[in-house]
Amino acid sequence: KKDLRSLKLATVCEEARCPNIGECWGGKQGTATATIMVMGDTCTRACRFCNVKTARAPAALDPLEPVHTAEAVASWDISYVVITSVDRDDLADQGAAHLA
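Focus: the overall build of the protein chain
Phase 1 of the analysis: Within the protein chain, the regular secondary structure consists of five helices and two strands.
Phase 2 of the analysis: Reading the helices (α) and strands (β) of the protein chain from amino to carboxyl end gives α-α-α-β-α-β-α.
Phase 3 of the analysis: Since a compact globule built from 100 residues should have a radius of gyration of about 13 Å, the 14 Å found for the protein chain is in line with a globular shape.
Phase 4 of the analysis: Put simply, 73% of the contacts in the protein chain that link residues at least 6 apart link residues at least 24 apart.
Phase 5 of the analysis: Looking at the protein chain as shown, the accessible area adds up to about 6,500 Å², and 54% of this sits on carbon and sulfur atoms.
Phase 6 of the analysis: Across the protein chain, the mean location of the 11 positive side-chain charges is 7 Å away from that of the 13 negative side-chain charges.

Details of the side chain of Glu 65
Phase 1 of the analysis: Following the sequence through the fold, Glu 65 ends up in helix H4 (residues 65–75).
Phase 2 of the analysis: One buried charged side chain, Glu 65, makes no salt bridge at all; its nearest oppositely charged neighbour is Arg 88, positioned 7.8 Å away.
Phase 3 of the analysis: Here the side chain of Glu 65 touches His 98 through a polar contact of 2.7 Å, side chain to side chain.
Phase 4 of the analysis: For Glu 65, the contacting residues outside a window of four places in its chain are Leu 9, Met 37, Val 38, Met 39, Gly 40 and His 98.

Considering the pattern of salt bridges
Phase 1 of the analysis: Tallying each qualifying case throughout the model produces four salt bridges.
Phase 2 of the analysis: Where Lys 53 meets Asp 41, a salt bridge forms, and the shortest distance between an N and an O atom there is 3.3 Å. Here Lys 53 is found in the loop between strand E1 (33–38) and H4, whereas its partner Asp 41 is found in the loop between E1 and H4, with 12 residues between them in sequence.
Phase 3 of the analysis: For Lys 53, a relative accessible area of 44% puts it in the partly exposed group.

Focus on unusual backbone geometry
Phase 1 of the analysis: Positive phi, close to 70°, is recorded for Met 39, a residue that is not glycine.
Phase 2 of the analysis: Within the secondary structure, Met 39 sits in the loop between E1 and H4.
Phase 3 of the analysis: Positioned with a positive phi, Gln 94 is a non-glycine residue whose angle comes to about 55°.
Phase 4 of the analysis: Considering the arrangement of structural elements, one finds Gln 94 in the loop between strand E2 (80–85) and helix H5 (96–99).
Phase 5 of the analysis: Relative accessible area serves as the criterion here: at 41%, Gln 94 is assigned to the partly exposed category.

Topic: the pairing of E2
Phase 1 of the analysis: The pairing of E1 with E2 spans six bridges and is classified as parallel. In the sheet register, Ile 36 faces E2, and the bridge partner there is Ile 83.
Phase 2 of the analysis: Read from E1 through H4 to E2, the crossover connection turns out right-handed.

Definitions and limits used
- Residues numbered from 1 in each chain as written.
- Predicted model: local features only at pLDDT ≥ 70, side-chain atom pairs only at ≥ 80, totals over all residues.
- Heavy atoms only, no water.
- Helix = DSSP H or I, 4+ residues; strand = E, 2+ residues; numbered from the N terminus.
- Rg over C-alpha atoms; globule rule 2.2 N^0.38 Å.
- Contact = heavy atoms within 4.5 Å.
- Areas by Shrake-Rupley, 256 points an atom, 1.4 Å probe, with all protein chains shown as cover.
- Lys, Arg positive; Asp, Glu negative; His and termini not counted.
- Charge placed at Lys NZ, Arg CZ, Asp CG, Glu CD.
- Buried < 20%, exposed > 50% of the residue type's maximum accessible area, 1.4 Å probe, protein only.
- Salt bridge = Lys/Arg side-chain N within 4 Å of Asp/Glu carboxyl O.
- Polar contact = N/O pair within 3.5 Å; in protein donor to acceptor, adjacent residues only side chain to side chain.
- Pairing = 2+ DSSP bridges.
- Right-handed = clockwise from strand over helix to strand, strands pointing away.

Below is the structure:
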C-alpha cells in the first residue's frame, strides 16, 4: 500500500472494497497478485454492482501515471499484475491515448 500511495496509484481492490483483498495482497511467495486501476480512482459510470466512486467530471488524468505504474511493477516481487481502469466518458477518447 505504501508503494501505491507514494506513486499516487489506485487499486480496484481498495476502491471497490473487494472482500478477497487478503488473498491477493497477502498471497504467499510466488502467488501474490497486484491489481492497479489506471486513469484515477473515480469512474464516470455508476454501475449498481460496483463500489468505485463516481463523478461526471473526475480529476484530470495524471500524465505520470504510466511511469509510476511501470516503477511499481518493476519493484515488486509478484507473480503477475492485473491492470484495470475506470471508465472515463468525460474524455473525448475515453482515455485511449492515456492507455496507449
